[in-house]
Amino acid sequence: MTDPVLQRCISPGCAAGYSVDEVITSCKACGSLLDVEYDWGRCAVPKSLRSFEEKWSRRFEPLCLSGVWRFRELLPFAPAEKIVTIGEGQTLLQTADGVAKYIGLNSGRCFLQYEGLNPSGSFKDNGMSAAFTHGRMTGAKRAACASTGNTSASLALYCAVSKLMRGIIFIGSGRISYGKLSQALDYGALTVQIAGDFDDAMARVQEVSKSLGIYLVNSINPFRLEGQKTIMYRVLEALRWQVPEWIVVPGGNLGNSSAFGKAFFELKQLGLIDRLPRLAVINAAGANTLHELYQKRGVRWGGGKGSTQPVIQYYGQLDRDGHRASTIASAIEINRPVNLAKCLRALEWCDGVVREATDQEILDAKAQVGAGGLGCEPASAASVAGAKKLVSEGVIGRDERVVCILTGHQLKDPTATVAYHTTDQEKFNEVLGSRGVKRAAFANRAVAVPNELDEIIKAIQLYG
Ligand SMILES: *Cc1c(COP(=O)(O)O)cnc(C)c1O
Ligand SMILES: [Zn+2]
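To start, this report covers the structure provided alongside it. (Residues numbered from 1 in each chain as written. Chains lettered and ligands numbered in written order. Predicted model: local features only at pLDDT ≥ 70, side-chain atom pairs only at ≥ 80, totals over all residues. Heavy atoms only, no water.)

1. What to know about the packing of aromatic side chains
We count it as follows: Whether two aromatic rings pair depends on their centres lying within 6.5 Å, for rings of Phe, Tyr and Trp, where Trp uses its six-membered ring; planes under 30 degrees apart make the pair stacked, over 60 edge-to-face, and the rest tilted. A run of DSSP states H or I qualifies as a helix once it reaches four residues; a run of E qualifies as a strand once it reaches two. Both are numbered from the N-terminal end. Between buried and exposed lies partly exposed: a residue is buried under 20% and exposed over 50% of the maximum accessible area for its type, with that area taken using a 1.4 Å probe on protein chains only. Our definition puts a charge over a ring when NZ of Lys or CZ of Arg is within 6 Å of the ring centre and also within 35 degrees of the ring normal.
A full pass over the atoms with the stated rule returns nine aromatic pairs. Aromatic pair Phe52 and Phe71: ring centres 5.1 Å apart, planes at 55 degrees, arrangement tilted. You can see Phe52 sitting in the loop between strand E3 (34-38) and helix H1 (62-65) and its partner Phe71 sitting in the loop between H1 and strand E4 (92-95), a full 19 residues away along the chain. By relative accessible area, Phe71 is classed as buried at 0%. Between Phe71 and Tyr233 the ring centres are 5.4 Å apart and the planes differ by 55 degrees, which places this aromatic pair in the tilted class. Of this pair, Phe71 sits in the loop between H1 and E4 while Tyr233 sits in helix H7 (residues 222-238); the two residues are 162 residues apart in sequence, bridging distant segments of the chain. One aromatic cluster in this structure is built from Phe52, Phe71 and Tyr233. The ring centre of Tyr315 lies 4.6 Å from the NZ or CZ of Arg336, which sits over that ring. If you follow Lys388 out to its NZ or CZ, it ends over the ring of Tyr102, 4.6 Å from the centre.

2. What to know about the packing of helix H3 (residues 124-137) against H7
Heads up, the rule is: The axes are straight lines fitted to the C-alpha atoms, using for helices just the contacting stretch, and the angles between their N-to-C directions are given from 0 to 180°. To sort the angles, those under 35 degrees are grouped as roughly parallel, those over 145 as roughly antiparallel, those from 65 to 115 as roughly perpendicular, and the leftovers as oblique. Take the far helix as your reference; a near helix turned counterclockwise from it by less than a right angle gives a left-handed crossing, and one turned clockwise gives a right-handed crossing. Whether two residues touch is decided by their heavy atoms; if any such pair falls within 4.5 Å, the residues are in contact. Only Asp, Glu, Lys and Arg are considered charged, only Ala, Val, Leu, Ile, Met, Phe, Trp, Tyr, Cys and Pro nonpolar, and every remaining residue, Gly among them, polar.
Following both chains from N to C, one finds H3 and H7 inclined at 140 degrees, their axes separated by 6 Å at the closest point. Taken together, the axes of H3 and H7 lie oblique to each other. Classified by chirality, the crossing of H7 by H3 is right-handed. Within the contact between the two elements, H3 uses Lys124, Asn126, Gly127, Met128, Ala130, Ala131 and His134 and H7 uses Phe223, Arg224, Gly227, Gln228, Thr230, Ile231 and Arg234. Here the contact of H3 with H7 is composed, by residue class, of five nonpolar, six polar and three charged.

3. Points about the environment of Leu49
Position of Leu49 relative to the elements: it lies in the loop between E3 and H1. Taking the C-alpha atoms as reference points, Leu49 and Arg175, 126 residues apart in sequence, are found 41 Å from one another. Leu49 has contacts with Leu74, Leu236, Trp241, Leu267, Leu272 and Ile273, leaving out every residue within four places of it along the chain.

4. Thoughts on the pattern of salt bridges
Quick note on the threshold: Definition used for salt bridges: Asp or Glu carboxyl oxygen within 4 Å of a side-chain nitrogen of Lys or Arg.
Here the structure, examined in full by the defined rule, presents 31 salt bridges. The partner of Arg8 in a salt bridge is Glu37, with the nearest N and O atoms 3.0 Å apart. With Arg8 in strand E1 (residues 5-9) and Glu37 in strand E3, this residue pair connects regions lying 29 residues apart in the sequence. Between Arg42 and Asp39 there is a salt bridge, and its shortest N-O distance comes to 3.5 Å. For Asp39, a relative accessible area of 22% corresponds to the partly exposed category. Salt bridges sharing common partners tie together Glu226, Lys229, Lys262 and Glu266.

In short, geometric facts, not functional conclusions.
Shown next as C-alpha cells:
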C-alpha cells in the first residue's frame with residue numbers, strides 16, 4: 001500500500017485500490033462497492049478507547065465537540081483543515097426499562113441510542129459530515145442524493161450551513177413525510193421530484209451525478225459510512241467501553257449496518273475491543289429484501305465468494321411482478337438496498353440475524369418508545385419491534401445487553417403518530433388501516449369534552 005488511506009474494492013477477487021482523491025462510488029474494474037481502507041501502522045491510533053475521553057475537556061474546539069470527529073483517529077482520511085462539522089453526533093444512550101419490559105428483557109438491559117438528536121434530526125448527519133469533508137477535499141461544488149427524506153434534510157442542512165456546495169435532492173412521488181420535505185425546502189436545496197419511488201430516484205441520481213460530475217452523498221459513498229461508524233463508538237463510550245451483546249438496527253439501504261460492522265471489525269483488528277457484538281438488522285415486512293435473501297434464500301457474504309445468483313433472481317422477480325416496497329416506515333421503504341454486499345459482510349463479521357416487522361408491530365413499538373420519552377419516527381421503531389421478536393424466539397437472552405438504534409426523531413413524521421393515537425376512525429383507516437394496521441394497542445387518546453367548566457373538571461378527575 002502506497003498511501004496510508006485508499007478506497008478499496010470490497011470484492012476480494014478484485015481488491016483494486018484507488019486514491020482518496022478520486023470521486024467514485026463503485027470499483028472501476030468490477031463494479032463492486034468501495035471501502036475506505038487505512039494502513040493503521042501509519043496512522044496515529046490511540047492505545048485504548050479510554051483515551052478519547054480526554055477530548056471532552058477540549059469541547060470548545062469544534063473537532064472535539066463533534067460526536068463524529070472526536071473519534072477522528074478512527075476515520076483518519078481527512079486533514080483537519082478540510083473537515084466539515086456542524087456539531088453532529090451529540091446523541092444520547094438511554095437506559096429504557098419501559099421498553100425493556102415490552103420486549104421481554106430484564107431491567108437495565110435495553111438501551112436506546114437516540115440519533116434523532118442530531119442537527120437535522122436523524123443519524124444521517126454523522127455520515128453527511130464525513131461525505132461533505134471528502135467532497136471538500138475533492139473540490140466538489142454540487143452534491144446530490146436520492147432520499148426517502150432524511151438524507152435530503154441532512155444534505156440540505158450541510159449545504160445551508162457550510163455554503164460549500166449546492167444541494168440537489170431527488171425524491172420519489174408521494175411518500176416523503178412533510179417533516180423531512182419541509183427541512184429540505186426550508187434549507188434551500190434544489191428539490192427534484194421524480195415520478196417514481198425511491199428505488200427509481202436512486203437509480204436516476206447515480207446516472208445524473210455521473211454525467212454532470214455532481215458529488216453523490218448517498219450511502220453508496222464509502223466516506224459517508226466512515227462517519228456512521230462513530231455511532232458505535234458513542235454507544236461504546238456510553239457503556240464505558242464495554243461491548244454490548246446486541247446491536248439492533250433498522251435496515252433500509254443498509255448503510256448503517258454496513259458501517260457498524262466495519263467499525264467493530266476495525267476496533268477488533270486494532271486490539272481496542274476483544275470481541276464483536278452480534279448484529280440484528282430489521283426490515284419492514286413491506287420492504288424486506290434483506291430478510292428474504294438472508295433468512296429465506298440463504299444468501300451469504302461467504303468471505304466475498306457467496307453466490308449473487310439468488311440476488312439477481314430475486315430482483316428479476318420483483319421486476320416481473322412490478323413489486324414495489326410499501327410500509328409506513330418510509331425511511332426504510334427500499335427494495336434494492338445499495339449496500340447489500342457490505343451488509344452481508346457485516347452480518348458475517350458480527351454473527352448477525354435479520355428479521356422483518358409488520359407496520360402494526362412497528363407502530364406499537366414506536367408508541368412504547370414514545371411513552372418512555374424522546375420518541376422516534378416509524379422506521380426507527382423497527383429496531384425495537386425486531387428486538388422483541390428475537391427475545392420471544394429466544395435468540396436474544398433476557399439478560400443480554402441490547403442497544404436499539406433510534407435512527408430518526410419523533411417529529412419527522414407526525415402524521416403516523418397522530419393517526420395512531422386518534423379517536424377519528426376515518427383518519428385511522430386512511431393513514432394506517434390501508435396498511436393493514438388493525439388496532440392501536442397503546443393509543444393515548446385525546447378526551448373530548450364540551451366547552452363547559454364542570455364537564456372539563458369532571459373529565460380531568462375521571463382520567464387524570
Ligand atoms: C436512512 C434511514 C434508515 C435506513 O438506514 P440505512 O442505513 O439506509 O439502512 C432508517 N431509519 C431512518 C430514520 C433513516 O433516516
Ligand atoms: Zn473491483
